[in-house]
Amino acid sequence: MADFSAGGGILNRRALLKASGVGLAAGFLAPAQAEEEWMTRAGESPGKYGAQSAFADLSRERVGGHEFGAGAGSSSTPLQKLNGTITPNSLHFERHHSGIPAINPDRHSLTIVGAVKRPLRFSYEDLHAYPMETYVYFLECSGNSYRNTLASPANVTAGALSGLVSCAEWTGVPLHYLLDEAGLESSAGWVIGEGADAAALTRSVPMKYMLDNAMLAMYQNGEPIRPSQGYPMRLFLPGCEGNISVKWLQRLKVQNTPAYTRDETSKYTDLLKDGTAEMFSLRMEVKSLITSPSGKMQLNRKGVYEISGLAWSGEGAISKVEVSADGGKTWAEAVLQSEPKSLALTRFRIPWQWSGAPAVLQSRATDNRGNIQPTRSAALQRYSRAGFYHYNGIQSWQVTALGEVKNAFA
Ligand SMILES: Nc1nc2c(c(=O)[nH]1)N[C@H]1C(S)=C(S)[C@@H](COP(=O)(O)O)O[C@H]1N2
Ligand SMILES: [Mo]
């Protein structure tokens, strides 16, 4: 007897570990195995810089220009093709307003000016003299999943829909060391960060964020950060909307007010229903999605599947993820894998027995501050229909009787 923990076929979290009760997908070992060609001669020689297997078929999604203007572009992480929680550097999502500059680090520096006792300039080499720290953090664009705010559901993959989020191990210099050395004046309340790209993206960061856990990131998953992620250095504000993590950082100006730059007034304000707008709503809220099964996948047999996905919160660590296979009527608690870290992606898993009947799969995350991911309709209540940033509603994947998996608004 299968051991169900919620409706629609959600099994007990440990059902997969039990020998009886559920039939897994693997067949019995075939008696003889044909000799494959890769066993008949020596393979390739070692290479200088590794590459994927040609059979793994990994690439970013929605790669391209952007309707907002020439040179502006983005690409998304193929969330449904990855497992674990770390995004490989080659598949980290990208978003840039004026292309990727090819910066020579010998000709790049970071200056700290404004309301400081000692204006400073640091070369790339200088910065390597400071103590570095290493943390795993997610990065999410505030426009991520915006297509779920539109009138009808886009029939696309999880990555194409919500892949403007990635997670990496970032290494760099905590900003407070550099600001301390410059010596903050008592009026210092904000730090204005400016990038060295053609857009010179400029954003105002509250001082408390800068002194808390902001870092000048220089390494990503162990190697120097890629040009598309801000080489030679970027500002990194853990848990905050991606656009404030200014890439190709060249200047920090300390002052007593925000700068109200073009970037933060023409965009990155959230229009509310009453016609007023929220500015500097920087934290990304609690969110999750099932990455398998997910949009555009095809279930080819009835039986047991592992439902697996990602959860994160800009306010802390994930404490619970619940999964439903009946469109939110009943829920079961998933297993959280890789000990949930604050401000990082957390993987969740739970077994599910598909009977062949239509189902609606959902996940609902809770963080350790007690924030619970809202339904889609509750998430849409917050902002005017013109505002599409910060969407974190529950994702529904509809499984049809034919086994097709599609984005749905449940
Ligand atoms: N200088 C600069 N910094 C920038 C941007 C930019 O266009 N120029 N794009 C921002 C936006 S909108 C996001 S979501 C993140 C994306 O970071 P990534 O490309 O490393 O994923 O960088 C931010 N930092
Ligand atoms: Mo963004």
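Scoring rules and cut-offs
- Residues numbered from 1 in each chain as written.
- Chains lettered and ligands numbered in written order.
- Predicted model: local features only at pLDDT ≥ 70, side-chain atom pairs only at ≥ 80, totals over all residues.
- Heavy atoms only, no water.
- Helix = DSSP H or I, 4+ residues; strand = E, 2+ residues; numbered from the N terminus.
- Buried < 20%, exposed > 50% of the residue type's maximum accessible area, 1.4 Å probe, protein only.
- Contact = heavy atoms within 4.5 Å.
- Areas by Shrake-Rupley, 256 points an atom, 1.4 Å probe, with all protein chains shown as cover.
- Salt bridge = Lys/Arg side-chain N within 4 Å of Asp/Glu carboxyl O.
- Near = heavy atom within 4 Å.
- Polar contact = N/O pair within 3.5 Å; in protein donor to acceptor, adjacent residues only side chain to side chain.
- Nonpolar A, V, L, I, M, F, W, Y, C, P; charged D, E, K, R; others polar.
- Core = buried A, V, L, I, M, F, W, Y, C linked by side-chain atoms within 4.5 Å.
- Domains from an automatic or database assignment.
- Buried area = accessible area lost by both parts, 1.4 Å probe.

### Some points on the overall build of the chain
For the chain, the count of helices and strands is six helices and 24 strands. With the C-alpha coordinates aligned to their principal axes, the bounding extent of the chain is approximately 75 × 65 × 40 Å. Put simply, the chain has 410 residues, and 53% of those count as buried. Taking the contacts inside the chain whose residues are at least 6 apart along the sequence as the reference set, 72% of them involve residues at least 24 apart. Of the accessible surface of the chain, which amounts to about 18800 Å², a share of 52% is contributed by carbon and sulfur atoms.

### Describing the pattern of salt bridges
Counted by the stated rule, this structure contains twelve salt bridges. Between E94 and R60 there is a salt bridge, and its shortest N-O distance comes to 3.4 Å. Pair noted here: E94 is in strand β3 (residues 94-96) and R60 is in the segment before β1 (61-66), with a separation of 34 residues, a long-range link. According to the relative accessible area criterion, E94 is buried, its value standing at 12%. One salt bridge in this structure joins R262 and D263, with 3.8 Å as the shortest N-O distance. Note on D263: relative accessible area 4%, which makes it buried. Ionic contacts of the salt-bridge type, sharing partners, join the residues R203, E241 and E264 into one network.

### Side note on the site of ligand 1
Inspection of the region around ligand 1 gives 21 residues, with F93, H97, D197, R234 and K247 positioned closest. Within the side chain of H92, one N or O atom sits 3.3 Å away from an oxygen atom of ligand 1. A distance of 2.5 Å is found between an oxygen atom of ligand 1 and a side-chain nitrogen or oxygen belonging to K247. Relative to its unbound accessible area of 540 Å², ligand 1 is 100% covered by the protein chains. Of all the elements, β3 adds the most residues to the shell around ligand 1, at three residues. Classifying every residue of the shell around ligand 1 by side-chain character gives seven nonpolar, nine polar and five charged.

### Description of the nonpolar core
Of all hydrophobic cores here, the largest spans 40 residues; its most connected members are I10, I307, V323, W352, L361, W397 and V399. Here the element with the most residues in this core is strand β17 (residues 303-312); it accounts for five residues. When residues are assigned to domains, this core turns out to be shared by domain 1 (105-278) and domain 2 (287-408), each giving three or more. Other than its neighbours up to four places away in sequence, L361 contacts I290, P293, I307, S324, A325, W352, Q395, S396, W397 and V399. Ranked by size, the runner-up nonpolar core spans 37 residues in total, among them I112, W190, I192 and Y209.

### Thoughts on the domain arrangement of the chain
Per the domain assignment, the segments making up the chain are domain 1 (105-278) and domain 2 (287-408). Inter-centroid distance (C-alpha atoms) of domain 1 to domain 2 is 28 Å. With 35 residues of domain 1 at the contact, the number on the domain 2 side is 30 residues. Roughly 2800 Å² of surface becomes buried between domain 1 and domain 2 when both sides are summed, with 58% attributable to carbon and sulfur atoms. In terms of surface lost to domain 2, no three residues of domain 1 exceed F138, T149 and K273, which account for 20% of the buried area on that side. Scanning the region where domain 1 abuts domain 2 turns up two salt bridges. Where K287 meets E140, a salt bridge forms, and the shortest distance between an N and an O atom there is 2.9 Å. Inspection of the region where domain 1 meets domain 2 yields twelve residue pairs in polar contact (both at pLDDT 80 or more). Among the secondary structure elements, those contributing two or more residues to the side of domain 1 that touches domain 2 are β6 (133-140), α2 (158-162), β7 (165-174) and β14 (269-271). Residue contributions to the side of domain 1 that touches domain 2 peak at four residues, all from β6.

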